[in-house]
Amino acid sequence: MLKTNQMQDKPTRKTGKQAALADSSLSHDKFLLARLGETIQKRRAEIGLSQEQVCGHTEMNRTYLSDIERGVSNPSFLVLWKLASALKVELWQLLQLVDLSDRTVGPPEEAEAN
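Residues numbered from 1 in each chain as written. Predicted model: local features only at pLDDT ≥ 70, side-chain atom pairs only at ≥ 80, totals over all residues. Heavy atoms only, no water.

## Description of unusual backbone geometry
Right, so step 1: Unlike most non-glycine residues, glutamate 59 shows phi in positive territory, near 60 degrees.
Right, so step 2: Inspection of the secondary structure assignment puts glutamate 59 in the loop between helix H2 (51-58) and helix H3 (62-69).
Right, so step 3: For glutamate 59, a relative accessible area of 74% corresponds to the exposed category.
Right, so step 4: Phi at lysine 88 is positive, roughly 60 degrees, even though this residue is not glycine.
Right, so step 5: Structurally, the position occupied by lysine 88 is in the loop between helix H4 (77-86) and helix H5 (91-97).
Right, so step 6: For lysine 88, a relative accessible area of 60% translates into the label exposed. (Helix = DSSP H or I, 4+ residues; strand = E, 2+ residues; numbered from the N terminus. Buried < 20%, exposed > 50% of the residue type's maximum accessible area, 1.4 Å probe, protein only.)

## Things to note about the environment of isoleucine 68
Right, so step 1: Mapped onto the elements of the fold, isoleucine 68 is located in helix H3.
Right, so step 2: With relative accessibility at 1%, the residue isoleucine 68 sits in the buried group.
Right, so step 3: For the pair isoleucine 68 and leucine 36, spaced 32 residues apart in the sequence, the C-alpha separation amounts to 8.0 Å.
Right, so step 4: Every residue in contact with isoleucine 68, bar those within four places of it in the chain, is listed here: Leu33, Gly37, Ile40, Met60, Ser73, Pro75, Val79 and Leu83. (Contact = heavy atoms within 4.5 Å.)

## Structural notes on the confidence of the model for the protein chain
Right, so step 1: Per-residue pLDDT for the protein chain has a mean of 79; in total, 66% of the residues score no lower than 70.
Right, so step 2: Every residue in residues 16-22 scores below 50 in pLDDT, and together they form eight contacts with partners more than four places removed in sequence or on other chains.
Right, so step 3: Across residues 107-114, where pLDDT falls below 50, the model places seven contacts with residues more than four positions away in sequence or in other chains. (pLDDT = per-residue confidence, 0-100.)

## Section: the nonpolar core
Right, so step 1: The biggest cluster of nonpolar side chains holds 18 residues, and the ones touching the most others in it are Ile40, Val54, Met60, Leu65 and Leu83.
Right, so step 2: Elements that contribute at least two residues to this core include exactly helix H1 (16-46), H2, H3, H4 and H5.
Right, so step 3: Looking at this core, the element that brings in the most residues is H4, giving five residues.
Right, so step 4: Every residue in contact with methionine 60, bar those within four places of it in the chain, is listed here: Cys55, Leu65, Ile68, Val79 and Leu83. (Core = buried A, V, L, I, M, F, W, Y, C linked by side-chain atoms within 4.5 Å.)

## Digging into the packing of H2 against H4
Right, so step 1: Relative orientation of the contacting elements H2 and H4 amounts to 120 degrees, with a least axis distance of 9 Å. The orientation of H2 relative to H4 falls into the category oblique. Our pair here, H2 against H4, has a crossing hand that is right-handed. From H2, Val54, His57 and Thr58 reach across to H4, where they touch Lys82, Leu83 and Ala86.
Right, so step 2: Split into classes, the residues belonging to the contact of H2 with H4 amount to three nonpolar, two polar and one charged. (Axes fitted to C-alpha atoms, helices over the stretch in contact; angles between N-to-C directions. Parallel < 35°, antiparallel > 145°, perpendicular 65-115°, else oblique. Left-handed = near helix turned anticlockwise from the far one by under 90°. Nonpolar A, V, L, I, M, F, W, Y, C, P; charged D, E, K, R; others polar.)

See the structure below:
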């Protein structure tokens, strides 16, 4: 992975540990976003709303909602707040519904100093 050093404007490479940490963090993030999206989609289906109907309540684009449901987009706090309202749950309840049972989820391992 290349990273630009702004001071010298030369590309630098991440060390093996740094690259592994970035990759594990990315895979962790993708997992969480996928599970959040699945939860939103499942809740929407449970209460019988189409994506268009949810978008009418939240004033968001249907394509963006689709991206969230597929785990492609990382919604902001305000978007999650609006989605929870449209899905007739409190935000904390929506987040509590996210199923993380098939994978141990926690922060990615921190790189050791030195």
